[in-house]
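Residue-level listing of the chains:
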Amino acid sequence: MVVSVQEVLDYLGLDETDDMTDRNITSFIDVADSFLKGAVGYDYPQDDPRAKQLALILINDLYENRGSIAKVSTKVKSFVTTSMLQLTLELRRDKEDGN
């Protein structure tokens, strides 16, 4: 996993949770992991801080907007798009270099 449940709880500023919140967060972690695999590559670098931050941003968005439709700011969209492109290109480069 790219992030742990505790990392997500810390990022969201949640001190106490119930079973439903824990299940949602676990599900959101799975969604973020699957999204990054699809967007960047199956073997994306899970220890890369950008991948962790992207996962946390995605999870935060899923958590904050569960049950509602909200617009993401242009700055966040740009950050996410650029970071995914960077990770994708680096993954391709590493594969070409045999790493």
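Keep in mind the model is a prediction, meaning the values are calculated, not measured. (Residues numbered from 1 in each chain as written. Predicted model: local features only at pLDDT ≥ 70, side-chain atom pairs only at ≥ 80, totals over all residues. Heavy atoms only, no water.)

Chemist: Describe the environment of D47, naming the residues involved and giving the relevant values.
Modeler: Within the fold, D47 resides in the loop between α2 (19-39) and α3 (49-64). On the accessibility criterion, D47 (66% relative accessible area) is exposed. It is 9.4 Å that separates the C-alpha atoms of D47 and M1, two residues lying 46 residues apart in sequence. (Helix = DSSP H or I, 4+ residues; strand = E, 2+ residues; numbered from the N terminus. Buried < 20%, exposed > 50% of the residue type's maximum accessible area, 1.4 Å probe, protein only.)

Chemist: Describe helix α4 (residues 74-97), and please don't skip the residues or the numbers.
Modeler: For α4, spanning 24 residues, the distance from its first C-alpha to its last is 34 Å, which sits close to the expected 34 Å at 1.5 Å a residue. Taken residue by residue, α4 has V80, S83, M84, L87, T88 and L91 as its buried positions. Positioned one or two residues after α4, G98 has a phi angle of 85°, which is positive. (Expected span 1.5 Å × (residues − 1).)

Chemist: Describe in detail the nonpolar core, supporting the description with residues and values.
Modeler: V3, V8, I25, L36, V40 and I59 are the most contacted members of the largest nonpolar core, which has 25 residues in total. Secondary structure elements with two or more residues in this core: α1 (5-12), α2, α3 and α4. The element best represented in this core is α3, accounting for 8 residues. Not counting residues up to four positions away in its chain, the partners in contact with V3 are V8, I29, K52, A55, L56 and I59. (Core = buried A, V, L, I, M, F, W, Y, C linked by side-chain atoms within 4.5 Å. Contact = heavy atoms within 4.5 Å.)

Chemist: Kindly report on the packing of α2 against α3, identifying the contributing residues and their values.
Modeler: Their axes nearest at 9 Å, the elements α2 and α3 cross at an angle of 130°. What the angle tells us is that α2 and α3 run oblique. The two elements α2 and α3 meet at a crossing, and its hand is right-handed. The segment α2 lies against α3, with T21, F28, I29, V31, A32, F35 and L36 engaging A51, L54, A55, L58, I59, L62 and Y63. A per-class count over the contact of α2 with α3 returns 13 nonpolar, 1 polar and no charged. (Axes fitted to C-alpha atoms, helices over the stretch in contact; angles between N-to-C directions. Parallel < 35°, antiparallel > 145°, perpendicular 65-115°, else oblique. Left-handed = near helix turned anticlockwise from the far one by under 90°. Nonpolar A, V, L, I, M, F, W, Y, C, P; charged D, E, K, R; others polar.)

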